[in-house]
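Observations on chain architecture
Each chain, letter by letter, is given below.
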Amino acid sequence: MIASDFMNFSSLVARATIANNKVHLDGKAIRRLIDGTPPAHNFIEQNFDGVFYTRDDLKFLDRISGNIRQLQDPYEQALAFAALFRSCLKRQPRGVFTISGDLSHYDDGRRDLRLSVEEHFLEQIEVYNNAVFDNGRRNKALRSDIFQLSNERVDLVYLDPPYVPRSDDNCYTKRYHFLEGLSCYWQGLPIDKTTKVKKIAKRYTPFSYRKEAVDAFDRMFGRFAKSKIALSYSSNGFPDLDQLVELMGKHKSSVTVFEKPHRYHFGTHSKVARANVVEYLIVGQ
Ligand SMILES: C[S@@+](CC[C@H](N)C(=O)[O-])C[C@H]1O[C@@H](n2cnc3c(N)ncnc32)[C@H](O)[C@@H]1O
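Residues numbered from 1 in each chain as written. Predicted model: local features only at pLDDT ≥ 70, side-chain atom pairs only at ≥ 80, totals over all residues. Heavy atoms only, no water.

**Looking at the domain arrangement of the chain**
The domain boundaries assigned to the chain delineate domain 1 (2–140) and domain 2 (209–284). Put simply, the middle of domain 1 and the middle of domain 2, counted by C-alpha atoms, are 30 Å apart. (Domains from an automatic or database assignment.)

Below is the structure:
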C-alpha cells in the first residue's frame, strides 16, 4: 500500500500508521520523549505566546520538538509526531488553527480543552501504539505532489483531494499551518508575522482554484488511467457531480456513483451550526 500527501505532517502520520508495520513507542522511548531537560530552543514559545495554547503548553512543545529528534528510529519519530499532532488538534478549540488569542468562548467544558498538550500526548501515544498493525506487506508513505508522483502501478487508487467549496476556502495550510510548522520546527517555513495566527505561506495546489480545478481533476484521472479509481467527493464542492462523472468517463469505461447523506457539525455543543450535504464515492474502472 502507498499513501501520499504533499504536506509533511500528513505524510508523517502515514509513516507512523501505514508504512510502519511493527514499531511501537516503548517505555524507554517514552521516557526519552518526556525528559524534562529545558529545551535548547524556544521558537514556539517566542512566536506563539498569546496566539495558541498556554505558555506551559508552548514550553512543552519546544521541549518535545528537541526530544523527538533524539529518537533514532524513523518510525518511532513518526509515531511521536502523530501523537503530538493529534494532541495539538484536541487541545485547540474546533481543531483548526484559523482562530487564535482568547478562545474561552469556545470552552464548553469538554475534556479535550481541559487537558494540557502534554497530558494529551501521553494518551495519544497509547492510541497510536494501538493503531500499529502488520498487513503482511511492504507499505510506503510518500510526501509528494500528486502530479509529481512517480508512476507506480497500483491496482486501486483512493483519491481524496480538496475541492473548491462554494463558500469559505479549503486551504489545508490555512487550517493546519501550525502542525506543518511543528513537523519540521518551522525550518524552511518562514512565519508571516503580519498574520494574527502566524501562518506559513500556503502551498500551491490547483484544486483550490475554480479556474484550475476542472483541468486538475482531468489530469489526475489521466495519471491513474490504468488503475481503478475511487474518488471521495461531496455535493458542496466545485466542479459538480455531473461534471466530475463526465471527466472520469474520459479515462474510464465505467463510472459508478455511490452516495450517502451526511450532516456536518461545526462549533461547540452550545452553538452548533449544521450543514446537510451528500457524500459521494465515484468509482471508475
Ligand atoms: C480532504 S484532505 C485528505 C485527507 C485524507 N483522506 C486523510 O484522511 O488524511 C485533502 C488532502 O490533499 C492534500 N493535497 C492538496 N493538494 C495536493 C496536491 N497537489 N498533491 C498532493 N496532496 C495534495 C492536502 O494536503 C490534504 O491533506
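**Thoughts on the site of the ligand**
As a matter of local geometry, the ligand sits amid Asp 5, Phe 6, Met 7, Ser 144, Asp 145, Ile 146, Asp 160, Pro 162, Tyr 172 and Thr 205. Grouping the constituent residues of the shell around the ligand by class yields 5 nonpolar, 2 polar and 3 charged. (Near = heavy atom within 4 Å. Nonpolar A, V, L, I, M, F, W, Y, C, P; charged D, E, K, R; others polar.)

**Observations concerning a nonpolar patch on the surface**
There is a patch of nonpolar side chains on the surface, built from Tyr 158, Phe 258 and Leu 281 and spanning about 310 Å² of accessible area. With respect to the secondary-structure elements, Leu 281 resides in strand β8 (residues 272–284). By relative accessible area, which is 32% here, Leu 281 ends up partly exposed. (Patch = residues over 30% accessible without salt bridge, like charges linked within 9 Å, V, L, I, M, F, W, Y side chains within 5 Å. Areas by Shrake-Rupley, 256 points an atom, 1.4 Å probe, with all protein chains shown as cover. Salt bridge = Lys/Arg side-chain N within 4 Å of Asp/Glu carboxyl O. Helix = DSSP H or I, 4+ residues; strand = E, 2+ residues; numbered from the N terminus. Buried < 20%, exposed > 50% of the residue type's maximum accessible area, 1.4 Å probe, protein only.)

**Observations regarding the pattern of salt bridges**
Summed over all chains, the structure comprises 13 salt bridges. Put simply, Lys 59 and Glu 45 hold a salt bridge, and the shortest N to O gap is 3.2 Å. Within this pair, whereas Lys 59 is found in helix α4 (residues 55–68), its partner Glu 45 is found in helix α3 (residues 43–48), the two being separated by 14 residues in sequence. Of the residues examined, Lys 59 reaches a relative accessible area of 37% and is grouped as partly exposed. Members of the salt-bridge network, linked through shared partners, are Glu 45, Asp 49, Arg 55 and Lys 59.

**Comments concerning the packing of aromatic side chains**
For the coordinates displayed, the defined rule picks out 23 aromatic pairs. Geometrically, the ring pair formed by Phe 52 and Phe 97 is edge-to-face, given 5.2 Å between the ring centres and 80 degrees between the ring planes. A residue pair is termed long-range when its members are at least 10 positions apart, and Phe 52 in the loop between α3 and α4 and Phe 97 in the loop between α5 (74–91) and α6 (111–114) qualify at 45 residues. The pair Phe 52 / Phe 97 is uniform in exposure class, with both members buried. Aromatic pair Phe 178 and Trp 186: ring centres 5.4 Å apart, planes at 65 degrees, arrangement edge-to-face. (Phe/Tyr/Trp six-rings, centres within 6.5 Å; stacked < 30°, edge-to-face > 60°.)

**Comments concerning the environment of Leu 89**
Mapping Leu 89 onto the fold places it in helix α5. Measuring from C-alpha to C-alpha, the distance between Leu 89 and His 120 comes to 9.8 Å, with 31 residues separating the pair along the chain. Dropping the residues within four chain positions of it, Leu 89 is found in contact with Tyr 53, Gly 95, Phe 97, Tyr 176 and Leu 179. (Contact = heavy atoms within 4.5 Å.)

**Describing the packing of α4 against helix α7 (residues 117–131)**
Their axes nearest at 9 Å, the elements α4 and α7 cross at an angle of 50 degrees. As far as their axial angle goes, α7 and α4 are oblique. Contacts between α4 and α7 involve Asp 57, Phe 60, Leu 61, Arg 63 and Ile 64 from the first element and Val 117, Glu 118 and Phe 121 from the second. Tallied by class, residues from the contact of α4 with α7 come to 5 nonpolar, no polar and 3 charged. (Axes fitted to C-alpha atoms, helices over the stretch in contact; angles between N-to-C directions. Parallel < 35°, antiparallel > 145°, perpendicular 65-115°, else oblique.)

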